[in-house]
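# Architecture at a glance
Here is how the chains run, residue by residue.
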Amino acid sequence: MAFTTEVLECNPDSISFPTDQPEITSSETQEALHRASEELRAQRTVAFPTETVYGLGALALEPAAAAKIFSTKGRPPDNPLIVHVSSREMLQRVLPPGYALSRTYETLLKHFWPGPLTLLFPSDPSIVPPIITANQPAVAVRMPSHPVARALIALTDAPIAAPSANSSGKPSPTRAEHVYDDLQGKLGVILDGGPCGVGLESTVVDGLQEDGNLRVLRPGGVTVEDLERVIREDLSDVVPLPKVLVHRRDYRDEAMEQAPTTPGMKYRHYSPSVPVTLLCTQSQPPSGAARTSLTAFLDTLQSDARSLGKPLHVGVLAPSDSPLLEKLRAAPLPDVRWTEFPLGPLEEPAVSAHRLFDGLLSLDKAKVDLILIEEIKEEREGLAVMNRVRKAAGDSVWIDI
């Protein structure tokens with residue numbers, strides 16, 4: 001079904017939450033939110049901003065509505081969805097009757113909800129349709145802090161399932177124009193609440209295992225350091241103190257990777273339409289791989305340009321104070337044309353997180369032939385940045401600079 005897609009302006013500053021219900025001072029924003037809410041109640045999809053990325057929402061507890069998310073995105077059916085709620089009361093509607101939150105979860109909700117933290121909860125299939133959980137025993141839930149997102153959920157008075165508002169596998173959208181460029185004609189309403197503040201999807205945490213530890217299934221807007229800090233501060237009397245374990249860094253779970261309980265674990269994601277190469281300048285190459293000199297790598301680009309028979313247009317995503325970026329600028333490459341998209345200072349990974357997807361989509365729109373992304377340290381938000389970059393990149397090269 002083809003739609004005429006409308007982009008409706010929403011002013012986040014006009015929305016406040018003195019209670020679980022929003023107060024909205026802008027009539028334009030009020031009308032846009034009511035229009036989007038009507039679309040959701042009619043079991044259609046709506047795109048809206050969150051603090052992480054733009055989401056493609058539908059009623060989470062209505063299987064026919066949720067199915068339209070998968071058809072709109074071209075999303076594999078075994079890739080589960082995150083359910084978004086606007087209040088603790090709405091969270092209880094999603095959970096099995098009588099389920100009590102652990103002390104650890106209460107601590108996380110106190111510090112990080114509303115916000116970019118998703119938690120796994122036991123799922124009752126008579127409440128949450130299996131299409132949402134991909135038939136897994138847990139459901140992923142979060143409460144967004146973006147005023148437009150939270151107000152839309154509250155006004156609809158129903159939990160909303162919402163993955164990123166893009167065709168499956170592409171970089172996640174952080175601006176309304178990204179959604180429009182990708183999904184125009186596939187949905188009726190896009191709420192434009194400005195650029196997303198975090199720029200990467202939420203952190204997903206599983207705290208349901210018997211050992212009481214927290215397992216970070218997907219790093220995101222809440223850092224591992226943030227989680228460890230609040231556990232030390234608020235749960236210091238708990239013995240043993242819960243650990244924060246990062247999937248693929250601190251442990252592996254092959255069975256879960258094949259049947260994931262949360263999005264972003266099984267399939268390649270975040271890839272633009274052109275090849276992406278990760279330039280590793282800090283990490284050690286794996287066994288069997290070796291570092292290459294920058295000169296040799298640049299010679300390869302020159303050779304690729306000659307094979308094309310035209311200048312090679314290369315997009316570069318790198319920290320603004322990167323020594324590698326300086327060397328690329330200074331390299332005498334007559335057959336290579338650079339387009340830079342700076343990721344912010346090396347010591348501010350939150351800026352890199354904010355700019356990553358915008359950079360991938362902007363360079364793709366500029367019709368570059370190749371995108372190079374420089375590795376950053378996997379600390380704080382850098383852990384989430386590199387999680388996304390490795391999934392976007394089709395190739396990795398260890399560069400000696």
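Please refer to the structure higher up on the page.
Residues numbered from 1 in each chain as written. Predicted model: local features only at pLDDT ≥ 70, side-chain atom pairs only at ≥ 80, totals over all residues. Heavy atoms only, no water.

### Re the pairing of strand E12 (residues 214-218)
- The element E12 is largely enclosed, with a buried count of 5 among its 5 residues.
- As paired strands, E12 and strand E13 (residues 244-246) are joined by 3 bridges and run parallel to one another. Note on E13: the bridge partner recorded for Val-216 is Val-246.
- Of the crossover connections in this fold, the one passing from E12 over helix H8 (residues 224-234) to the parallel E13 is right-handed. (Buried < 20%, exposed > 50% of the residue type's maximum accessible area, 1.4 Å probe, protein only. Helix = DSSP H or I, 4+ residues; strand = E, 2+ residues; numbered from the N terminus. Pairing = 2+ DSSP bridges. Right-handed = clockwise from strand over helix to strand, strands pointing away.)

### Some words on the layout of surface pockets
- Empty space within the second largest pocket amounts to approximately 320 Å³.
- Lining of the second largest pocket is provided by 15 residues; of these, His-178, Asp-181, Leu-361, Asp-364 and Lys-365 occupy positions nearest its centre.
- Looking at the lining of the second largest pocket, the elements with two or more residues in it are helix H7 (176-183) and helix H12 (349-365).
- Sorting elements by how many residues they give to the lining of the second largest pocket places H12 first, with 5 residues.
- In terms of residue class, the lining of the second largest pocket is built from 3 nonpolar, 4 polar and 8 charged. (1 Å grid on protein atoms, 1.4 Å probe; cavity = no way out; pocket = protein on both sides within 12 Å on 5 of 7 lines; lining within 4 Å. Points joined across faces, edges and corners; volume = space filled by probe spheres on them. Nonpolar A, V, L, I, M, F, W, Y, C, P; charged D, E, K, R; others polar.)

### Quick look at the sheet that holds strand E14 (residues 276-280)
- The strand order across the open sheet formed by 6 strands is E15-E19-E14-E18-E16-E17, and the pairing between neighbours is parallel. Of all the strands in the sheet, just strand E15 (292-293) and strand E17 (336-342) have a single pairing partner and so form its edges.
- Summarising the sheet, strand E16 (residues 312-318) and E17 pair through 7 bridges and their orientation is parallel. If you follow Ala-318 over to E17, its bridge partner there is Pro-342.

### A few points about the environment of Ala-161
- Relative to the helices and strands, Ala-161 resides in strand E9 (residues 160-161).
- Measuring from C-alpha to C-alpha, the distance between Ala-161 and Ser-27 comes to 26 Å, with 134 residues separating the pair along the chain.
- Apart from the residues within four sequence positions on either side, Ala-161 is in contact with Leu-56, Gly-57, Ala-58, Ala-60, Ile-69, Leu-81, Ile-82, Val-83 and Ile-132. (Contact = heavy atoms within 4.5 Å.)

### A few points about the packing of helix H1 (residues 27-41) against helix H6 (residues 147-156)
- It is at 9 Å that the axes of H1 and H6 come closest, and there the two elements cross at 55°. The orientation of H1 relative to H6 falls into the category oblique. Considering how the two elements wind past one another, H1 and H6 form a crossing that is right-handed. Together, Leu-33, His-34, Ala-36, Ser-37, Leu-40 and Arg-41 of H1 and Val-148, Ala-151, Leu-152, Leu-155 and Thr-156 of H6 make up the contact between the two elements.
- Split into classes, the residues belonging to the contact of H1 with H6 amount to 7 nonpolar, 3 polar and 1 charged. (Axes fitted to C-alpha atoms, helices over the stretch in contact; angles between N-to-C directions. Parallel < 35°, antiparallel > 145°, perpendicular 65-115°, else oblique. Left-handed = near helix turned anticlockwise from the far one by under 90°.)

### What about the sheet that holds strand E6 (residues 82-84)?
- The strand order across the open sheet formed by 11 strands is E1-E10-E4-E5-E9-E6-E8-E7-E11-E12-E13, and the pairing between neighbours is mixed. Strands with a single pairing partner mark the edges of an open sheet, and in this sheet they are strand E1 (6-9) and E13.
- Taken strand by strand, H8 contacts strand E7 (117-122), strand E11 (203-206), E12 and E13, and its axis lies near 165° from that of E13.

### Observations regarding a negative patch on the surface
- Together, Glu-225, Glu-228, Asp-321, Glu-326, Glu-347, Glu-348 and Glu-379 make up a negatively charged patch on the protein surface.
- Assignment of secondary structure puts Glu-225 in helix H8. (Patch = residues over 30% accessible without salt bridge, like charges linked within 9 Å, V, L, I, M, F, W, Y side chains within 5 Å. Areas by Shrake-Rupley, 256 points an atom, 1.4 Å probe, with all protein chains shown as cover. Salt bridge = Lys/Arg side-chain N within 4 Å of Asp/Glu carboxyl O. Lys, Arg positive; Asp, Glu negative; His and termini not counted. Charge placed at Lys NZ, Arg CZ, Asp CG, Glu CD.)

### Focus on the packing of aromatic side chains
- If you walk through the whole model with that rule in mind, you get 2 aromatic pairs.
- Both rings, one in Tyr-105 and one in Phe-121, keep their centres 5.3 Å apart while their planes meet at 75°; by these two values the pair is edge-to-face. On the criterion of sequence distance, the pair formed by Tyr-105 in helix H4 (residues 103-112) and Phe-121 in strand E7 is long-range, its members being 16 residues apart. As far as burial versus exposure is concerned, Tyr-105 and Phe-121 are alike and both buried.
- An aromatic cluster is built from Tyr-99, Tyr-105 and Phe-121, whose rings are joined through pairwise contacts. (Phe/Tyr/Trp six-rings, centres within 6.5 Å; stacked < 30°, edge-to-face > 60°.)

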